[in-house]
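Examining the three-dimensional arrangement
What follows is the residue order along each chain.
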Amino acid sequence: MKNNITLTRMNSRNAEANETKERIIKIVNSLAISASLLAFTLGCLLYYMTGYGIIFYPAMLESALFLSTLLITRYSKPVYGKQLMFLLHSISIWFFGVLLGPASQIYLFAPFLAFCVFLVFEKPLSQVLALVASAVVMILVVLNFRYPVISSLPLSKETELYLHWLVIIAATFLNGTALYYFAKESRFQNKQLKSLVNQLDKANQAMRIYVRETTHEIRSPLNVVNSILQNYIETADQGKKTVQVGIAHLEAVHFACQDMQLVMSNALGWAKIEEGKDEICHSPFHFSDWVQHLCDTYEYLAKRRSVHINISLSDNLPEYILADKSKLRTIIVNLLSNAIKFTTFRSIITVKAGMKNNQLVVSVTDQGVGISADRKEHIFDPYVSEPGQHTESSGLGLPIARHMARMMGGDLSVTDNPDGGGSIFTLRMPVEITTPPPATDHIIDYSILNGLKVLVVDDDHLNHLAFSLALKRMGIEAILADSGPQGLTKARLHQPDAILMDMIMPYTSGVEMLSQFRADRQLRQIPFILVSGNAYSEVKEEVIASGADGFLSKPVNIEQLYTILRDLVIMADTTRPVSIAR
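The following paragraphs examine the structure supplied in this document.

Cut-off values and rules
- Residues numbered from 1 in each chain as written.
- Predicted model: local features only at pLDDT ≥ 70, side-chain atom pairs only at ≥ 80, totals over all residues.
- Heavy atoms only, no water.
- Axes fitted to C-alpha atoms, helices over the stretch in contact; angles between N-to-C directions.
- Helix = DSSP H or I, 4+ residues; strand = E, 2+ residues; numbered from the N terminus.
- Parallel < 35°, antiparallel > 145°, perpendicular 65-115°, else oblique.
- Left-handed = near helix turned anticlockwise from the far one by under 90°.
- Contact = heavy atoms within 4.5 Å.
- Patch = residues over 30% accessible without salt bridge, like charges linked within 9 Å, V, L, I, M, F, W, Y side chains within 5 Å.
- Areas by Shrake-Rupley, 256 points an atom, 1.4 Å probe, with all protein chains shown as cover.
- Salt bridge = Lys/Arg side-chain N within 4 Å of Asp/Glu carboxyl O.
- Pairing = 2+ DSSP bridges.
- Polar contact = N/O pair within 3.5 Å; in protein donor to acceptor, adjacent residues only side chain to side chain.

So, about the packing of helix α3 (residues 78–100) against helix α4 (residues 110–120). At their nearest, the axes of α3 and α4 sit 10 Å apart, and the two run at 165° to each other. Classified by the angle their axes make, α3 and α4 are roughly antiparallel. Where α3 crosses over α4, the handedness of that crossing is left-handed. Here α3 contributes Lys82, Gln83, Phe86, His89, Ser90, Ile93 and Trp94 to the contact with α4, which in turn contributes Phe112, Leu113, Cys116, Val117, Leu119 and Val120.

Before going further, it helps to examine a nonpolar patch on the surface. Side chains of Val128, Val132, Val136, Ile139, Leu140, Leu143 and Tyr147 sit close together on the surface and give an oily, nonpolar patch of about 670 Å² of accessible area. Tracing the chain through its elements places leucine 140 in helix α5 (residues 124–146).

Among the secondary structure elements, serine 532 is positioned in strand β12 (residues 528–532). When the C-alpha atoms of serine 532 and methionine 501 are compared, they prove to be 8.7 Å apart, with 31 residues separating the residues in sequence. If we skip the residues at most four places from it in the chain, serine 532 touches Asp502, Met503, Val539, Phe551, Leu552, Ser553 and Lys554.

Taken together, three strands build an open sheet; the order of strands is β1-β3-β8 and the sheet is antiparallel. The strands lining the two open edges of the sheet, one partner per strand, are β1 (283–286) and β8 (432–433). Alignment of strand β3 (residues 320–323) against β8, held across two bridges, turns out to be antiparallel. Across the sheet, leucine 322 pairs through a bridge with glutamate 432, a residue of β8. Those strands touched by helix α8 (residues 287–303) are β1 and β3, and its axis lies near 70° from that of β1.

Before going further, it helps to spend a moment on the side chain of glutamate 62. On the secondary structure map, glutamate 62 appears in helix α2 (residues 53–75). Side-chain polar atoms of glutamate 62 contact the side chain of serine 92, separated by 2.8 Å. Residues within four places of glutamate 62 in sequence aside, it is in contact with Ala39, Ser92 and Phe96.

As far as function goes, none of this settles anything; it's purely spatial.
Printed below as a string of structure tokens:
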């Protein structure tokens, strides 16, 4: 299911296309009708004055052909109507210019043809060619007046006098009409250009805010990691190879990394929303246990501000619900993170969950400074801050949370906390009560991977360290390579059980190396897993198209690494579908 953003953008694009089409049709039809009436009127008058059928019948044909453009604009592309109208005008001016001779004053229609060129043709080259062609033909017609190759009709002095004023009236009418629409179209294009400039300015401003605020959001948890590690590095005994680290400090580093990962996930989530690529995936799960575990996980982050998370679950909560677990987690995690960020020190965050009117209702209450009435709706805009919040902003969490709530048929709102100040963010969404899912074995048994050899190809030595630690924990021997060609050499030498290859490396990318591995008879059967710090859907699609056996996005979770190695190496069959670890 595509999200509402996609539908909105599609409707907007369709509306713009329809508006442009209607505008062109209106211009073409107006010029065609006026030209048809003019041709009919002039044809009748000139036939009455001269009696020449060679004037009357072409004029009537011209009038009918101009009206035919109405059918073309209605049942075909409007641009074809524009081109036909320009062609008919050009042929008519040249034909009657030759037929009536100097009395036609053909040069008076030059501005009209020039305006038509800019109305009909959009590309500069087409405009130049059309202008040059029109000018050349008009010059040839004028030269024919002096050096007749095609003789004009003999006209009396009185007829020439009447014709003189008729031509002036006709030229003034056509030039004025074309000038009017040319000016109108120019104003429209200028308006469109100004609108585009404003959009670019807003996009540029949004990008600056995005970079500034995202950097700020990452700096806080990064400061925790840096401070703790720097303390241990500076106080460690240099003669020893190991250092004793406190559990509390390790937990602080772990949750700081989770904070940074949440910021990155929000950034990727917002990009997917803007691109209209977000989708819903329902699955059954035990809601009470799940939300309790989620709150317990964020309890440690709250303790850093001397804040306690109190959870209250209603008795009417169903045991199992059917919903998009990933999106629901994103909503509640962002609400918890936001509450921890903005509540006062030594306060309580209350999480309540229950059912009301067949809807799941989850509220997160903080005891911060609250949100002013005129800012409540804008708090769901990206990077909105409130006075007195130490320059911190809500980031992308709240707009993403509301979008996902509405995408699942619910909504996210904010009200004042009547008890002790602060705000209450309330999620309401329909959920389906379901039965427990079939039992699955989630036991992690690292011993089944003991003795395996895995080749890690990455140009970053810190990634070597990270993968080595994770693989060693699972009893796997890590073979390290700095580049694709070196990895190919070591693979032939060690014959690993699996290959972890970074997608972006100097000289040769992971996808390019995959083709070389597949071309080698000794290595083509080895499971090949691509790794990337980019988790966009386009990257996953590229991995699937490349023929890789699996994909991991950084930072790599040890459970994800275990699962993909277990599935591709231990439990692999003759046909391996691509496994993508999220």
